[in-house]
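Summary of structural features
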Amino acid sequence: MLGRIINIDACENIINFTADYIFKSDRKIALISGGRRPFLFIKKQLAEKQKKAFFPPEFFTNNEFIERVIFDNTELVKISDIEAAFMIFEIVKNEVPQLLNGKISFASFMDWSFEILSFIEQVSLEDVSEEKLKAVKANAEIGYDVPDNINDLLKNIFKIRNSFYNSLEKSSKTTEGRSFLKASAMGPELLVGNFDEVILMVPFYLHKTEIEIFKKIYSVGKLTVFIHGNPWKYETLVSLYSAFDEPLPNAKNERHEYKLNVYSAFDDQSQGALLKNLISGYSENDLDKTVIIVPDSKMLQSVISEVSIVTEHYNVSAGYPAEKTSVFSLLDAIVKAQLSKKGRYYYSKDVMKVLANPLSKNMRFFGENSISRIVAHKIEEALDQDSKSSLSGKMFVSFEEIVGEKQLVDEISLTVTEAWKYVASKKIVEILKEIFDIFFVSWEKINTLDNLSYILSEFFGKIYSLSATSAYPLNIEVMGLLLSLAKDLKFGEVSQAEFSNEDVLNIFKKMIRNKRIALPGSPLNGMQILGLLESRNLSFDNVFIVGMTDSAIPAVKKEYALVPKDIMYALGIKMAKKEFEIQRYHFNRLIAGAKNLSLIYPDNEKDERSRFIEALIWNKQLENKDIDIVKTNKFVLPKFSAKQLVKRKYAKTEEIREYLKNMFYTYSKIDAYLSCKLKFYFMYVLLLDEGMEVGRELSGSDIGNFVHSFLKDALYEELNGEKLKTSEFEKEYLKKLENSFDNFPCFKFREDAFMIKEVLVYRMKNILYYERQRSYKNIYGCEREYISNIETTSGETYKLKCRIDRIDTDGKDYMIFDYKTGAVPDKIVLEKYLELMSDDFGRQNIKKAISSLQLPLYKYIFEKETGLAVLNCGIYDIKKAKIIEFPEKREVYEKCVDVVKIVLDEINGGENFEFDEKDKVNCEMCRYFYVCR
C-alpha cells in the first residue's frame, strides 16, 4: 500500500483543511511543515473543534523531523556553526594552506569558512556523488571562468569535505546536511518511528535527500502529502509528483476572486502612512483576518510606526533587526572601543560612544541612575578641547588619567550631591572603576571564545540588574538571543582555541551581524506583520504587501559568493536556480486565498516595481480584455498651511551680561555673531552645540584632525627650512605619514580606507613639495595657544584666546598660518574692503568685506603677547598646497582690529539678541532653524 497525494485548490484555506483532516482522523499523526507558525493556527482550530482537552498531533519542521530521526537512532550530536567553521579552517590550514590567501587567522578566514561549510552542506543535502565532485575537480584543474582562488577551492573541495566528515565521524557529531544524508540511508521503519501517519504539509522544493526520505515513508503507505495549488503551473511541483511516481491531477482553471488594488507612494515612510490610511477603518475582527507582508526588513520600522497609530492589535514576526536595539548598539560600541585602543589608551570618541549609550547612561549605581548620566557628561566635558581639564582635547585617554583627574572627580561629586545626595569623591572613584571594569577592562584580555562566553554572561547580568533593560521587551529579546550564542561558544575545540583579543572580538562581531529578533505579540490575534516566507501555509482575507520593488520581491541572488550558480546546478544543487519559482509560488499561494489584495510600491527613479505586480495586472487585463482595468492609486500627502512664524528674540539678562563679559572670545565666536546673532546665542550662550558629537561617522573634521595632527608631528617646531629639503627628511616625513594613517582610529576599520589614504598621501606629498619652494629659517611654533585681552572704544576690556596652527620665522619677522582642509575662499579680503569700511562698520558691510576675522585677530594677539612682529599671515590651503595671504596693507589690518572691537561692544550691548532679516539667506541650512521661531 502506497501513501497518497492530496491536491487542494489554491483558493481553499489550507489551515482549515488540515485541521479538518486531523480532527477526523484517529491515527497518531506527525505533521511536517516548512515553518512553525501554521502549527499555532492548526492547534487553535483543533481546540475549537474538540471543545475539550485533547492530544494534538506532533508538529515538526523539516529539520526538526530529521533531528528526531537522528536523535532516536544514532549517538550523533549536532555541531554548532562556529565549531564547524573552525574545523573547516583547521583543515584548510593543514591540508590546503594555499587557499588561505594570506588570511592567517580564523577571524580573517571566518567568512570563507562559512561559505565552504554552506557549499558542503548543499552537496550533502542534494547527495552529490563523489563522481560529480571529482568531475568538478577535473574541470577546475582545466579552469572554470572564475577567479583563481575559486578554482583552487573547487579543485580541493573533495579533499576538504572528506576530511571534515572524517573529523565529524570521530567526534560523533553531525551537521544539518550530514543528518539528512544519514537519514536518507535509513529504512522506513526508523524514519516513521511510532507514528501511524506522516503528513507533509504543502511542500514545494525538496532536496534530493528529503525526497529519498519521504519516498521511503510513502512506499510503506504512511505518508500523506498536501499540495496546495495547481501543480501544472510549477515545474518544481511537476517534479515532486514524478518523484513519488504519481500522475498529475486534472488541470483546473483556478479563478482568483480577490479585489486587486495597486498603490504607489514616495518612500518607506509614505508607504507606511498609506498603509495606515487603508487599515484605519478596520474592526478587530477585520484585523484578525489581515496580514501585512514586509519583504524587506528595512521597511519594518516605518510600517510599525504608522500602523501603531491606528491599532495596538498587531503581531510582528518579520524579524526586527537586533542592531536597532540599545543592548546591541552598546555591545557594538564596546567592541569598537577595544579594537581602536592603543595599549592601555582608549580612543576618546569610542569611550564616549560607550558611556553615552542609553543603557550605560542610566545604570543604577547606589540605586540612582543620575550618577552614570553625570559621569558621562562630565567626562565628555573634560575631553572637550575647550575645557580647562588636563584631559582637554585628548584623542586617546587611559582609565588612570580619568580617575587621576582630581578636578573631574570633584566636579562629579559636587554635581551628584546637588542632583541627589552627598557622595564623596572617594566613592566617585569607586564608581568610575566599576564603570570602566564593566565596559572596558573586563574585555581587554579575552583570548578564547570560552572567555568571551563568560564575559558576556557576566556583562548581561550587570546590565540586567543595574539598568532599565527589563522594562524594554526588545532588549530582553536581544539579551536572550546573545546569551544563547554565548552558550554555544562554550562547547567544542573552538571554545578553547587561543586567539588574539582582536581576533576574538572580530569573530564575535561577525557572529552577531544581521541578527534578528521576533517582536512580542500574539500570532493568533490581531493583524499579522510577516516576511513572505513566514506567511507559508497561512491564509488571510486581507493581504497588504509593501515595498514591492523588483529587488525585494522576488529577492533573488544574482550569484553566490563562493561557487557560481552554473556549477552548483551542474552538481545537481537545483536550489540555486529555483529561488524565483519558490518565491512566485509562495506569493501566488498567499494571494489566491485573499478577498482583498493591496500592493504598494515606491514610485521613484531608483526602484522598479515588482514583476509580480506586472504579471497580476497583465492577467487582469487579459481576463477582462480591458487595458485600463487596473489603475495605480498614487498616494498624495495632505497639504498643510501654517502661519509665517516670527523669529524670537532673547533678553540679555544680568546673568547673561555677566557671562558675556567674562567669556573668552575666539575668532569662531566673532564669526558666528557676524553670521547670525541668534546662532551665536544658541551656540555660545546656551551652549547647544558645544559638546563633543558622539557616534558620528567620518566627516570633514576627522580629516582635518588627522591633517593637523600629522603636520604638527611632521613639520615640527624648530624644524630648519634647509633640512626639510633633504632626501632623509622626505623618507622620515613619508614614514610618519604611513604610521599616522595606520594608527588613526577613524580610518582603521573603514572599508574605503585605502582610497582615503591615496588622497591624503597625494596631498601631503604636494604639501612637502610646496614647502621646499618656500623660504624661511625655521618653524617657530605649532598649535600654540595664546591668551590676551583687548580694550574697545567703549572702555571695556574683553578676554581673547587663540590656537595658532603654524608660526614660521625668517630670523627677524614672523609668519602666521592656519591650516584649512575644507573650502577656502579665493580672497580673504574683498578688493573694495577699504571703500566698504569707510562707509560704516555695520554687520552687513563687514560680512561683504571680509570672509573671517581669524587672521587679524591671531596677528593682534600674537604681537601683543610676544612683542614679535608679524610680517604676514595667511590661510594654508591643504587641498591646493598654497597659501592665501592676508593683505599687507597695515590700514586693512587696523580696520579689522577696529571691527573686532565694535563687534565685541555690540555683543555685550543692547537689550536682546535679535534676528537680522538680512541674515535670512543662511536660515534654511541652519541647525537652529526650528529653535529660533
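1. Here we look at the side chain of Thr 209
When you line up the elements, Thr 209 lands in helix H10 (residues 208-219). Leaving out residues up to four positions away in the same chain, Thr 209 has contacts with Ser 124, Leu 125, Asp 127, Phe 180, Leu 181 and Ser 184.

2. A few points about the packing of aromatic side chains
Taken as a whole and judged by the stated rule, the model has 50 aromatic pairs. Ring geometry for Tyr 667 and Tyr 858: centres 5.9 Å apart, planes at 90°, overall edge-to-face. In this pair, Tyr 667 sits in helix H29 (residues 667-675) while Tyr 858 sits in helix H37 (residues 854-866), placing the two residues 191 residues apart along the sequence. Taking the relative accessible area as the measure of exposure, Tyr 858 reaches 4% and is therefore buried. Between the aromatic rings of Tyr 780 and Tyr 814, the centroid separation amounts to 5.0 Å while the plane-to-plane angle is 75°, which identifies the pairing as edge-to-face. Pair noted here: Tyr 780 is in strand S21 (residues 778-791) and Tyr 814 is in strand S23 (residues 814-820), with a separation of 34 residues, a long-range link. Judged by its relative accessible area of 11%, Tyr 814 falls in the buried class. Pairwise contacts between aromatic rings join Tyr 650, Tyr 673, Phe 680, Tyr 681, Phe 682, Tyr 684, Phe 913 and Tyr 928 into one cluster. A cation sits over an aromatic face here: Arg 784 above Tyr 780, 4.6 Å from the ring centre.

3. Focus: the pattern of salt bridges
Scanning all chains against the criterion turns up 45 salt bridges. A salt bridge links Asp 72 to Arg 68, with the nearest nitrogen and oxygen atoms 3.1 Å apart. Taken together, the residues Asp 72 and Arg 68, both in helix H3 (residues 62-73) and four residues apart, mark about one turn of the helix. Glu 90 is paired through a salt bridge with Lys 93; the nearest N and O atoms lie 3.3 Å apart. Residue Glu 90 and its partner Lys 93 are both found in helix H4 (residues 81-95); the two are separated by three residues, about one turn of the helix. Since its relative accessible area comes to 24%, Glu 90 is described here as partly exposed. Among the ionic contacts, a cluster of salt bridges with common partners joins Glu 771, Arg 774, Arg 806 and Asp 808.

4. A look at the pairing of strand S3 (residues 58-61)
As defined by bridge partners, strand S2 (residues 29-33) adjoins S3 across four bridges and the pair is classed as parallel. Opposite Leu 31, over in S3, you have Phe 59 as the bridge partner. Tracing the backbone out of S2, into helix H2 (residues 37-50) and back to the parallel element S3 gives a crossover that is right-handed.

5. Quick look at the sheet that holds strand S18 (residues 632-634)
Read across the sheet, seven strands follow the order S10-S15-S9-S16-S17-S8-S18 without closing on themselves; strand pairing throughout is parallel. Of all the strands in the sheet, the pair left with one neighbour each is strand S10 (314-316) and S18. Along the sheet, successive strands turn relative to each other by an average axial angle of 20°, direction set aside. Bridge analysis of strand S16 (residues 542-545) against strand S17 (residues 596-602) gives four bridges, and the strand direction is parallel.

6. Some thoughts on helix H34 (residues 753-773)
The periodicity of an α-helix, 3.6 residues per turn, causes residues three or four positions apart to be oriented the same way. With 21 residues, H34 ought to run about 30 Å at 1.5 Å a step, and its terminal C-alpha atoms sit 30 Å apart, in line with that. Taken as a whole, H34 has its buried residues at Ala 753, Ile 756, Lys 757, Leu 760, Met 764, Ile 767, Leu 768 and Glu 771. The buried residues of H34 occupy one face: seen down the axis, they fall within an arc of 100°. Turned more than 90 degrees away from the buried face of H34, the exposed residues are Phe 754, Glu 758, Tyr 762, Tyr 769 and Gln 773.

7. Structural notes on the nonpolar core
Grouped together as the largest cluster of nonpolar side chains are 131 residues, with contacts concentrated most on Phe 106, Ile 160, Phe 164, Phe 439, Trp 443 and Phe 459. Contacts of Phe 459, omitting those with residues within four sequence positions, involve Leu 330, Leu 331, Ile 334, Ile 438, Phe 439 and Trp 443. By size, the runner-up hydrophobic cluster in this structure holds 81 residues, among which are Phe 59, Val 192, Leu 590 and Ile 613.

8. Describing the state of the cysteines
Evaluated as defined, the whole model comprises zero disulfides. Counting only cysteine sulfurs, Cys 802 is the nearest neighbor of Cys 782, a cysteine outside any disulfide, at a range of 14 Å. With relative accessibility at 6%, the residue Cys 782 sits in the buried group.

9. Details of the sheet that holds strand S6 (residues 197-201)
The five strands are arranged S1-S7-S6-S2-S3 in an open sheet whose pairing can be described as parallel. Strands with a single pairing partner mark the edges of an open sheet, and in this sheet they are strand S1 (4-8) and S3. Averaged over all adjacent pairs, the angle separating strand axes in this sheet is 20°, with direction ignored. Across four bridges, the pairing between S6 and strand S7 (residues 223-228) is parallel. Along S7, the bridge assignment pairs Leu 200 with Val 225.

Calculation criteria
- Residues numbered from 1 in each chain as written.
- Predicted model: local features only at pLDDT ≥ 70, side-chain atom pairs only at ≥ 80, totals over all residues.
- Heavy atoms only, no water.
- Helix = DSSP H or I, 4+ residues; strand = E, 2+ residues; numbered from the N terminus.
- Contact = heavy atoms within 4.5 Å.
- Phe/Tyr/Trp six-rings, centres within 6.5 Å; stacked < 30°, edge-to-face > 60°.
- Buried < 20%, exposed > 50% of the residue type's maximum accessible area, 1.4 Å probe, protein only.
- Lys NZ or Arg CZ within 6 Å of the ring centre and 35° of its normal.
- Salt bridge = Lys/Arg side-chain N within 4 Å of Asp/Glu carboxyl O.
- Pairing = 2+ DSSP bridges.
- Right-handed = clockwise from strand over helix to strand, strands pointing away.
- Axes fitted to C-alpha atoms, helices over the stretch in contact; angles between N-to-C directions.
- Expected span 1.5 Å × (residues − 1).
- Arc of directions from axis to C-beta.
- Core = buried A, V, L, I, M, F, W, Y, C linked by side-chain atoms within 4.5 Å.
- Disulfide = S-S within 2.5 Å.

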